[in-house]
Amino acid sequence: MRTWLCGLFLVAVVARGGAPYSIETTVKRLADPRWEGRGVGTAGIDSAAAFLASEMKRMGLEPGGEGGTYFQDMEVTTGVKVGDPCAVEVKGKRFPLGESVQPIGFSTNGTLEAPVVFAGYGITAPGFDYDDYAGLDAHDKIVLVMSNEPGEMDSTSRFDGNVNTPHAELRTKAINAREHGALGIVVVDGPRYHAGESIRPPGSEGYMSGGLLAARVTQPVAAALFDGSGMTLAQAQEAIDSRTRPHSMALPSPARLTVTLQRTRAHTRNVVGMITGRDTSRTLVIGAHYDHLGYGGESSLAPDQHVPHVGADDNASGTAALLAIANQEAARAKAGKRPTHDLVFCAFTGEEMGLVGSSHFTDDPTRPLETVESMLNMDMVGRLRNNKLMVMGVGTATGFPELVSRVNAKTERFDLKTSSDGYGPSDHSSFYKKKVPVLMLFTGAHEDYHKPSDTADKIDYQGLTRVAHFAAAVLETLDARPRPTYLVAQADSGSLGRIAGGGGYGAYLGTIPDYMQTQGGVLLSGVRSGGPAEKAGLLGGDVIVKFDGIQIDNIYDYTFALRSRKPGQAVRITVKRAGAEKDLVATLGRRP
Ligand SMILES: [Zn+2]
Ligand SMILES: [Zn+2]
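Residues numbered from 1 in each chain as written. Chains lettered and ligands numbered in written order. Predicted model: local features only at pLDDT ≥ 70, side-chain atom pairs only at ≥ 80, totals over all residues. Heavy atoms only, no water.

Engineer: Looking at this model, I keep getting lost on the confidence of the model for the protein chain. Mind explaining?
Structural biologist: In regions of low pLDDT, the predicted coordinates are not meant to be interpreted in detail. Looking at the protein chain, pLDDT values average 90 and 94% of them are 70 or higher. Ignoring residues within four places in sequence, the model shows residues 1-16, a span with pLDDT below 50, making 20 contacts including any to other chains. In this model, residues 493-504 is a region of pLDDT below 50 whose contacts with residues beyond four sequence positions or in other chains number 18 contacts. (pLDDT = per-residue confidence, 0-100. Contact = heavy atoms within 4.5 Å.)

Listed below in structure tokens is the structure:
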């Protein structure tokens, strides 16, 4: 009952001083399927940006973007378009794009004529004592592999059987083929469970280059490649699956593979509004990303459903809370309680693509970053359960743990779960890596995470209102305090890391990659204190280009490399530092 009254109190305060505003209406509006899941590159997200700017204006916020506007523009790669030509030719027969062949989004462009080898499921998995490449020469070849992994739908499989392991990912298979010297990979669905299925156009597998030609093909194409080998694809699959033993071999006919893909680019924008404080040399940033996954794609957990992922919790909830706080603070300022700091309200774009909007903001800030004393982030705050609110980043400045618990005791009395770390898969990371103290609010993961079922009817509006109330109180407390002192926070295995798909698998090096670098190696924003990378002498600013013999061009290569090595193993890492290459040796650890 108490909490219910608290929510009413906030509504009353806002209604008395500020513009009329409803958190619930805002979430429903942002999460309307007509706004296309607010995917970068859609018209829907542009409508959302225009709406947010008009709301900020209506509430009395000043423009905080570029050139006197509420916007900060940027251009990003959003995906790929299939070009012409794309085809596979075997023994003079041309299999066309569409019904027989589809390029994979991370393919390079070009034509390749080469011998073909069949490499089973294309998997090298020492942990499962299984290697399709054992004794197979894939050098300068096109590799034909099946999708998924041995023993699909077989719960007695050495692999999981019920769900695919990361070895089944197309990207993993492609990098594995490339690391075995292959120049091209063609992927076919095994006939055992997927006979006659049509093939998907590129999209869900991402578009950062895999470093080789890559295409999906149908079973008739595979049949043409198997012709004359004395075996069919179905027999080869049976031979592998029945004993979980590879059955790789050279195939009789060479093939000619052609792929043409165009990377698509799109404009997108952060929406920024501000309230000028009494001391304009001091800034507090409060942010929430307003983009989501659009129609699905690589980060979707329901990638086969090409429907708007409306992201009501992720992150219409945080965006609606951001506006609620903006409205409240604008009303306070109007009523004579002008804040000490400039308050900058950021609705970030491109978070789901890898913190694109917030990285752009911190790399090219609309006001000097040195003036930013703290950043408060909200991401997925609409599903309060059991009164439990997670607050991350309390280790990033002196006094944060006390500040947070004192504000909580005076306001909402949540059951707070705090964690120290300032890094995590949301926009506060972009600030923390620039040494800005951060706090991040989160009501927890759920089964609708990154699925089309993350809808507005499942939001707890009462809870969301309370989170906004709490966040506003944190902001006002920060505003009343001297500049907090930045701290290097302890890494922790938080629940956010888990929902982002990290943790628990493969070896640990303790690096903090800069997700903005998309090719030419993996740029490190920093290294975890006390982790294997730090012990090996890696530094923020290093670009990892080779890892234990594996070429590292992008984050996928790097993830593959870490997954393919075991804790305790010593590895040679080549980094580019100040224009020169340097070799370092690290002993891999286990994830904390
Ligand atoms: Zn999010
Ligand atoms: Zn998300």
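Engineer: Can you walk me through the packing of aromatic side chains in this structure?
Structural biologist: In this description, a pair of aromatic rings is defined by centroid distance and the angle of the planes. Under the definition given, this model contains 11 aromatic pairs. When the ring of Trp35 is compared with that of Phe51, the centres are 5.7 Å apart and the planes differ by 55 degrees; the resulting orientation is tilted. In this pair, Trp35 sits in the loop between α2 (23-30) and α3 (43-59) while Phe51 sits in helix α3, placing the two residues 16 residues apart along the sequence. Both residues of the pair, Trp35 and Phe51, belong to the buried class. Arranged with centres 5.8 Å apart and planes meeting at 85 degrees, the rings of Phe414 and Phe470 form a pair that is edge-to-face. Remark: Phe470 occurs in helix α12 (residues 461-479) and Phe414 occurs in the loop between α10 (400-410) and β20 (415-419); sequence separation between them is 56 residues. On the accessibility criterion, Phe414 (5% relative accessible area) is buried. The exposure class assigned to Phe470 is buried, which follows from its relative accessible area of 1%. (Phe/Tyr/Trp six-rings, centres within 6.5 Å; stacked < 30°, edge-to-face > 60°. Helix = DSSP H or I, 4+ residues; strand = E, 2+ residues; numbered from the N terminus. Buried < 20%, exposed > 50% of the residue type's maximum accessible area, 1.4 Å probe, protein only.)

Engineer: What's the story with the environment of His167 in this structure? I'm lost.
Structural biologist: Turning to its location among the elements, His167 is positioned in the loop between β10 (142-146) and α4 (170-179). Taking the C-alpha atoms as reference, His167 lies 16 Å from Gly190; in sequence the two are 23 residues apart.

Engineer: Is there a simple way to think about the nonpolar core in this case?
Structural biologist: Most often, soluble globular proteins have nonpolar side chains that are buried together. With 71 residues, the main nonpolar core has Val271, Phe345, Leu441 and Phe470 as its most contacted residues. Beyond its immediate sequence surroundings of up to four residues, Phe470 is in contact with Leu389, Val391, Val404, Val407, Asn408, Thr411, Glu412, Phe414, Leu416 and Leu441. (Core = buried A, V, L, I, M, F, W, Y, C linked by side-chain atoms within 4.5 Å.)

Engineer: Explanation requested: the coordination of the zinc ion (ligand 2) in the structure shown.
Structural biologist: Any two of four tetrahedral donors ideally make an angle of 109.5 degrees at the metal, while pairs among six octahedral donors ideally make 90 or 180 degrees. Every protein donor of the zinc ion (ligand 2) is accounted for by Asp314 (OD), Glu352 (OE), Glu352 (OE) and His450 (NE2), and the metal-donor separations fall at 2.1 to 2.4 Å. Mapping the donors of the zinc ion (ligand 2) onto the primary sequence gives the spacing D-x37-E-x97-H. (Donors = N, O, S within 2.8 Å, 3.2 Å for Na, K, Ca; no water.)

Engineer: So what exactly am I meant to see when it comes to the sheet that holds strand β3 (residues 87-90) here?
Structural biologist: Consider a sheet: its strands pair through backbone hydrogen bonds, and that pairing is either parallel or antiparallel. An order of β4-β3-β14-β6 is seen for the 4 strands of this open sheet, with the pairing classed as antiparallel. Edge positions in the sheet fall to β4 (93-96) and β6 (110-114), since each has one partner strand and no second. The average undirected angle you get between the axes of adjacent strands in this sheet is 15 degrees. Here 5 bridges tie β6 to strand β14 (residues 255-259), and the two strands are oriented antiparallel to one another. Across the sheet, the residue bridging to Gly110 is Val259, located in β14. (Pairing = 2+ DSSP bridges. Axes fitted to C-alpha atoms, helices over the stretch in contact; angles between N-to-C directions.)

Engineer: Would you explain the coordination of the zinc ion (ligand 1) in this entry?
Structural biologist: Looking at the zinc ion (ligand 1), one finds its protein donor set to be His289 (NE2), Asp314 (OD), Asp379 (OD) and Asp379 (OD), positioned 2.1 to 2.5 Å from the metal centre. If you look at the zinc ion (ligand 1), its 4 donor atoms make angles of 55 to 149 degrees with each other, and the shape they trace is irregular. Taken as a pair, the zinc ion (ligand 1) and the zinc ion (ligand 2) lie 3.4 Å from each other and share Asp314 as a ligand. Remark: Asp314 occurs in helix α8 (residues 312-334) and His289 occurs in strand β16 (residues 283-289); sequence separation between them is 25 residues. (Tetrahedral: all angles 85-135°; square planar, octahedral: opposite > 155°, others 65-115°.)

Engineer: Looking at this model, I keep getting lost on helix α15 (residues 555-563). Mind explaining?
Structural biologist: Working note: α-helix, 3.6 residues per turn, so residues spaced by three or four point in the same direction. Burial of α15 is extensive: 7 of the 9 residues sit out of reach of the surface. All of the buried residues in α15 are Ile555, Tyr556, Asp557, Tyr558, Phe560, Ala561 and Leu562. Taken together, the buried residues of α15 touch α4, β22 (511-513), β23 (522-527), β24 (543-547) and β25 (550-551). Two or three places before Tyr556, at the opening of α15, Asn554 has a side-chain oxygen 3.1 Å from that residue's backbone nitrogen. (Polar contact = N/O pair within 3.5 Å; in protein donor to acceptor, adjacent residues only side chain to side chain.)

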